[in-house]
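Secondary and tertiary structure notes
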Amino acid sequence: MTTIPADHFEIAIVDGDWQLIPTGDELLSRPVFHATHGAGVMEYTPAFGQAHRLPGTVLSIEYVQAVVIGYQEESRRWLLGFQIARSAADKGRWLELVHWPPGDNEIYEAAARQAGRILAEYVGCPLKIFGAKKPPRSPGDTHGVTGPLVPHKREDIGPQQVRLLARSIHLPLQYPHIWLGHGRTGLALRLAKEATTDIQGGIAPAFNQCSIDPEQSSIRLLPPTGLLGAFLGGQRGRELKISDVRNVELRHTILHRSMAAQDAGGFAIDVTYTMHTWGVFLTLPDESLLLAQTTHSTSSELSRRRTMAGNKFSVDSESGIEYLRQHQADQEAYDTAASWAESAALVIAGTLGTRLVKTEASQESV
């Protein structure tokens, strides 16, 4: 569950549902507005509908032209709402959902972007931005991503359960440029040069070979330079004691980066690129040592398309079939990257006889 505080409201995002919940003295506040991913409609209370000039308690997302976030100079607030219209040919009207307390432009920008990005994906429409002091990066900008780190999720799996889960995994495990299987003296991990290349704004494994020998209670690590590089003064290998490993960590990092495109109305149209990275780390007394990682990237151009029946992306249309094909391929690539990393982490933790810690954290670019 993700919670984003706003002014007199709290935005709760849980199980594919974007909820707007009043804050105050009420013991059990219920959502006054919510949108479920892929539902095709938005639901709200009668009072909310009346206050915002909306019919009844349900509105089809076909009336939503865009989700809009922006900084209003007059009130010094970040706003989030919809641009809605009866048809695509009509001029859209502004409908405010929520705003943040007054403050400088940068204070609530990350919160507004996160809330707007997720709502746009759930509703399936563009995300428009106005008034941002620092506009989103252009597609040619390759600088690193910065942003606040939201609270991370953590799950601990004990050594006994790890060993049971690891027994059902068949070796070798192969992923592009990475191989994990039985070696001469135990478990062997091998990485090609491509798998030790630094990810943009991230880190990369420092060693391309790892040998775990349970009988000798040792872990041997060799750098990509090999013996010749070591002889010439390059990075040397390392040998660790298995007893020094506190746990194996499977770290899932989600990085969101926004890029800009201008529309005819002067709005910045947000395109968000999301990179998932699954890293397998050894947690040592003084460091976390990255052994291997897998990645998957996708963009909001795919996730914000509408696929409900009755519109141009319906499943019986050529556009709809192509969308479903792309979506299926994207999901399969995601599942492959996530599954390999989790299987590798379980096998390595099982061989070491230690527990597995699964963490997940997300970064928003600003």
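These notes cover the structure that comes with them. Worth saying up front: this structure is predicted, and the values here are computed from it rather than measured.

1. Overview of the pattern of salt bridges
A side chain of one charge can pair with a side chain of the opposite charge when the charged atoms of the two come close. Evaluated as defined, the whole model comprises 10 salt bridges. Close ionic contact of Asp104 with Arg76 constitutes a salt bridge, the shortest N to O distance being 2.9 Å. Taken as a pair, Asp104 in the loop between β9 (93-99) and α2 (109-123) and Arg76 in the loop between β7 (64-72) and β8 (77-84) lie far apart in primary sequence, 28 residues in all. Linking Asp156 and Arg154 is a salt bridge whose minimum nitrogen-to-oxygen distance equals 2.9 Å. When its relative accessible area of 40% is taken as the criterion, Asp156 is described as partly exposed. Connected through shared salt-bridge partners, Arg154, Asp156 and Arg355 make up one network.

2. Re the side chain of Ser218
As for its position among the elements, Ser218 is in strand β16 (residues 218-222). For Ser218, a relative accessible area of 10% puts it in the buried group. Contact partners of Ser218, with chain neighbours within four places excluded, come to Ser211, Ile212, Asp213, Glu239, Leu240 and Ile242.

3. Quick look at the packing of aromatic side chains
For the structure on display, the rule yields 7 aromatic pairs. Geometrically, the ring pair formed by Phe33 and Phe48 is tilted, given 5.7 Å between the ring centres and 40° between the ring planes. Separated by 15 residues along the polypeptide, Phe33 in strand β4 (residues 33-36) and Phe48 in helix α1 (residues 46-51) bring together distant segments of the chain. Of the two residues, Phe33 and Phe48, both sit in the buried class.

4. Focus on the environment of Arg117
With respect to the element layout, Arg117 can be found in helix α2. Judged by relative accessible area, Arg117 falls into the buried class, the value being 6%. Sequence separation between Arg117 and Val67 is 50 residues, and the spatial gap between their C-alpha atoms is 8.3 Å.

Calculation notes
Residues numbered from 1 in each chain as written. Predicted model: local features only at pLDDT ≥ 70, side-chain atom pairs only at ≥ 80, totals over all residues. Heavy atoms only, no water. Salt bridge = Lys/Arg side-chain N within 4 Å of Asp/Glu carboxyl O. Helix = DSSP H or I, 4+ residues; strand = E, 2+ residues; numbered from the N terminus. Buried < 20%, exposed > 50% of the residue type's maximum accessible area, 1.4 Å probe, protein only. Contact = heavy atoms within 4.5 Å. Phe/Tyr/Trp six-rings, centres within 6.5 Å; stacked < 30°, edge-to-face > 60°.

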